[in-house]
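The primary structure of each chain is shown beneath.
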Amino acid sequence: MLPAVTLGYYITPPFMRLVRAGMIDALNTDYVRTARAKGLPARRVVFKHALRNALVPVVGLVAVQLGLLMGGSVVVESIFALDGLGYLAYQSISYRDFPVLQAVVLLLSLAYVVLTLLSDIINAWLDPRLRAA
Amino acid sequence: MNKPLLSVRDLRVDLNTRSGVLHAVRGISFDVAPGETLCIVGESGCGKSMTSLALMDLLPRVARRSAGGITFDGQDLTRRRIAGRLRGRRMAMIFQEPMTALNPAFTIGDQMVEAYLYHVGGTRAQAVERAAQMLEKVGIGSARSRLSQYPHQLSGGLRQRVMIAMALITDPELLIADEPTTALDVTIQAQILRLLKDLQKELGLAIILITHDLGLVSRIAERVVVMYAGAIVEEGSAAEIFDRPAHPYTRALIDCIPQPGRTERGAHLGTIAGVVPSLIGPQEGCAFRDRCPVAQPRCASDIPTQQAGSHRWVCIHGGRA
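- Per an unreviewed UniProt entry, chain B goes by ABC transporter ATP-binding protein and derives from Paracoccus benzoatiresistens.
- According to its UniProt record, chain B has this under Sequence similarities (unreviewed entry): "Belongs to the ABC transporter superfamily."
- Quoted verbatim from the Subcellular location (unreviewed entry) heading of the UniProt record, the comment on chain B is "Cell inner membrane".

So this is what it looks like as structure tokens:
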């Protein structure tokens, strides 16, 4: 529980800021005004028309932050003595166990690449203008 | 005039700014009859866009609206509930910027169908059918395949047509068009204008056209309201306004239009000297008096509204000064 809170506490604020900034921008756009002019209910305007456009940068951040999360979990798992990938990395460093460390790092970077790719795919789905490139 | 479709009485829009309360619209009243075209003209900042947004209850948060009464077909538009039921269904609006007025994340089909399903109901297939019909009506060919396109795949003129089709999909009785052609090039402007005229005839639509372009007004308007500094200075039929403009401001505006044959070659284009007065705080007397060629000392006090039939103007001078 506490480890999760520790990691979450560290990782949430940037999302809050980014969603807030994105929504403030999106709610002032002409297309949101159009959606309101169409007489759609406020909830629909906010969650469909504005949120979808505000989410594009957030998705990009998710990928980066999840990568960070894995790095951060090295510290957290060590402190809370959790038997996870981070703890394994920490131990292999203290024992100078290079093959294991290399495997861990390779795995983490692979996860990073996959996450970034996923975020690009999700963004292309969110915003069709990103599809052409 | 028989029973008006839209009736506006003493509409005011105030904005809070750092240097005081800015009165963007200062108590204007007008009526729109069913099927008629009313043009609201005036220069930038005269309150014409604020007026249109106020009618649709789309004002920005810093703006406050108050009115002696706004009724649409006898229903009280100042009540949020009623306005919410009418907006997007019986009264629709199109905007100046077709490039940004459509949501980039959804296909135009999605965006058109959405309003129809919400207001009219029915199945999605029916709504798609209706959307395709509307696209054809506004002159967009191969409508079916267009529906699955995104706004960024369309040109400005096409997007404005889509906006019009989308606004009219619920078969409204009133269309408010806020500078619908300003962002388009001249040939497209003419097409959009003709389209609006044709649709009006076909659907019996009343149109409020907000514009600063008097040339455009002369081509489409039946009645004209001239605004200056948040107030109406003159109102009348298009013929009255263009043939017998009574207010010095209207005359100055009309003199600014170059006319082939009448304006001399090489002559400077007309301008109105001076600047619009600040809209912050109250306005005593005629707001135009500092720029008016026929201003007199008594223009600083109360100005009478004069009337000749449907032609009204707010000036101390009667008709031709």
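Here we look at the overall build of chain A
- Helices and strands together make up the secondary structure of chain A, namely 5 helices and 0 strands.
- When the helices and strands of chain A are placed in sequence order, the string is α-α-α-α-α.
- Relative to the compact-globule value of 14 Å for 133 residues, chain A shows a C-alpha radius of gyration of 20 Å, a clear excess of over 25%.
- Over its C-alpha atoms, taken along the principal directions, chain A stretches across nearly 65 × 35 × 15 Å.
- Out of the 133 residues belonging to chain A, those deemed buried represent 34%.
- By sequence separation, contacts in chain A at least 24 residues apart represent 60% of the contacts at least 6 residues apart.
- Carbon together with sulfur atoms contributes 72% to the accessible area of chain A, which is approximately 8200 Å² in total.
- Positive and negative side-chain charges in chain A, numbering 12 and 7 respectively, have mean positions lying 18 Å apart.

A short note on the domain arrangement of chain B
All names here are of chain B.
- As far as domains go, chain B holds domain 1 (6-90 + 176-314) and domain 2 (100-169).
- Between the C-alpha centres of domain 1 and domain 2 there is a distance of 30 Å.
- At the junction of the two partners, domain 1 supplies 14 residues and domain 2 supplies 10 residues.
- Summed over the shared surface of domain 1 and domain 2, the result is 1 salt bridge.

Focus: the packing of aromatic side chains
Residue and element names in this part refer to chain B.
- Throughout the structure, instances matching the rule amount to 4 aromatic pairs over all chains.
- Here Y228 and F288 contribute two aromatic rings whose centre-to-centre distance is 5.1 Å and whose plane-to-plane angle is 80°, an arrangement assigned as edge-to-face. Pair noted here: Y228 is in strand β10 (residues 223-228) and F288 is in the loop between α10 (248-255) and β12 (305-308), with a separation of 60 residues, a long-range link. No difference in accessibility class separates Y228 from F288, as the two residues are buried.
- For the ring pair Y249 and F288, a centre distance of 5.1 Å and an interplane angle of 65° mean the geometry is edge-to-face. Of the two residues, Y249 is situated in helix α10 and F288 in the loop between α10 and β12; the sequence distance between them amounts to 39 residues. Of the two residues, Y249 and F288, both sit in the buried class.
- Through pairs of rings, three or more aromatic residues link up here, namely Y228, Y249 and F288.

Points about the UniProt feature "domain: ABC transporter" (unreviewed entry) in chain B
- In the numbering used here, UniProt assigns the "domain: ABC transporter" (unreviewed entry) feature to residues 6-254 of chain B.
- For the annotated span residues 6-254 of chain B, helix accounts for 39% and strand for 27% of the residues, and the straight-line distance between the end C-alpha atoms is 28 Å.

Digging into the environment of I208 of chain B
Residue and element names in this part refer to chain B.
- Here I208 shows up in strand β9 (residues 206-211).
- Measuring from C-alpha to C-alpha, the distance between I208 and S52 comes to 8.3 Å, with 156 residues separating the pair along the chain.
- Ignoring anything within four residues of it in the chain, the contact list for I208 reads L6, F30, V32, L38, I40, L55, L174, L175, I176 and A177.

Re a nonpolar patch on the surface
All names here are of chain A.
- Together, M1, L2, V5, Y9, V75, I79, F80 and L82 give the surface a local cluster of nonpolar side chains, amounting to about 900 Å² of exposed area.
- Looking at the nonpolar patch, the elements with two or more residues in it are α1 (2-27) and α3 (42-79).
- At 3 residues, α1 tops the list of elements feeding residues into the nonpolar patch.
- Position of V5 among the secondary structure elements: in helix α1.
- The exposure class assigned to V5 is partly exposed, which follows from its relative accessible area of 40%.

So, α3 of chain A
- Counted at 1.5 Å a residue, the expected span for α3 of chain A with its 38 residues is 56 Å, but the 46 Å between its end C-alpha atoms falls short.
- Along α3 of chain A, the sharpest change in direction is near 45° and occurs at L51 of chain A.

Some words on the pattern of salt bridges
Residue and element names in this part refer to chain B.
- Summed over all chains, the structure comprises 20 salt bridges over all chains.
- Residues E43 and R291 are paired through a salt bridge, measuring 3.4 Å at the closest nitrogen-oxygen approach. Of the two residues, E43 is situated in the loop between β3 (37-41) and α1 (48-55) and R291 in the loop between α10 and β12; the sequence distance between them amounts to 248 residues.
- When its relative accessible area of 22% is taken as the criterion, E43 is described as partly exposed.

Some words on the nonpolar core
- Counting 104 residues, the largest nonpolar core has L6, F30, M112, L174 and I208 of chain B as the members making the most contacts within it.
- Of the residues that make up this core, three or more belong to each of domain 1 (6-90 + 176-314) and domain 2 (100-169) of chain B.
- Once you skip the residues sitting within four places of it in the chain, L174 of chain B turns out to touch L5, L6, V32, F72, R90, M91, A92, L205, A206, I207 and I208 of chain B.
- The next biggest cluster of nonpolar side chains, apart from the first, holds 9 residues, and it includes V32, L40, V45 and A54 of chain A.

Thoughts on the interface of chain A and chain B
- Between chain A and chain B, the contact holds 20 residues from the first and 25 residues from the second.
- Linking chain A to chain B there are 4 salt bridges.
- With a closest N to O distance of 2.9 Å, E114 of chain B and K38 of chain A form a salt bridge.
- Put simply, chain A and chain B have 14 residue pairs in polar contact (both at pLDDT 80 or more) between them.
- Residue assignment for the side of chain A that touches chain B shows that the elements contributing at least two residues are α2 (30-37) and α3 of chain A.
- If one sorts the elements of the side of chain A that touches chain B by residue count, α2 of chain A sits on top with 6 residues.
- Of the residues that constitute the side of chain A that touches chain B, the class distribution is 6 nonpolar, 4 polar and 10 charged.

Conventions adopted
- Residues numbered from 1 in each chain as written.
- Chains lettered and ligands numbered in written order.
- Predicted model: local features only at pLDDT ≥ 70, side-chain atom pairs only at ≥ 80, totals over all residues.
- Heavy atoms only, no water.
- UniProt positions renumbered as here; feature names shortened; annotations may be inferred.
- Helix = DSSP H or I, 4+ residues; strand = E, 2+ residues; numbered from the N terminus.
- Rg over C-alpha atoms; globule rule 2.2 N^0.38 Å.
- Buried < 20%, exposed > 50% of the residue type's maximum accessible area, 1.4 Å probe, protein only.
- Contact = heavy atoms within 4.5 Å.
- Areas by Shrake-Rupley, 256 points an atom, 1.4 Å probe, with all protein chains shown as cover.
- Lys, Arg positive; Asp, Glu negative; His and termini not counted.
- Charge placed at Lys NZ, Arg CZ, Asp CG, Glu CD.
- Domains from an automatic or database assignment.
- Salt bridge = Lys/Arg side-chain N within 4 Å of Asp/Glu carboxyl O.
- Phe/Tyr/Trp six-rings, centres within 6.5 Å; stacked < 30°, edge-to-face > 60°.
- Patch = residues over 30% accessible without salt bridge, like charges linked within 9 Å, V, L, I, M, F, W, Y side chains within 5 Å.
- Expected span 1.5 Å × (residues − 1).
- Bend = angle between axes of the 7 residues up to and from the residue.
- Core = buried A, V, L, I, M, F, W, Y, C linked by side-chain atoms within 4.5 Å.
- Polar contact = N/O pair within 3.5 Å; in protein donor to acceptor, adjacent residues only side chain to side chain.
- Nonpolar A, V, L, I, M, F, W, Y, C, P; charged D, E, K, R; others polar.

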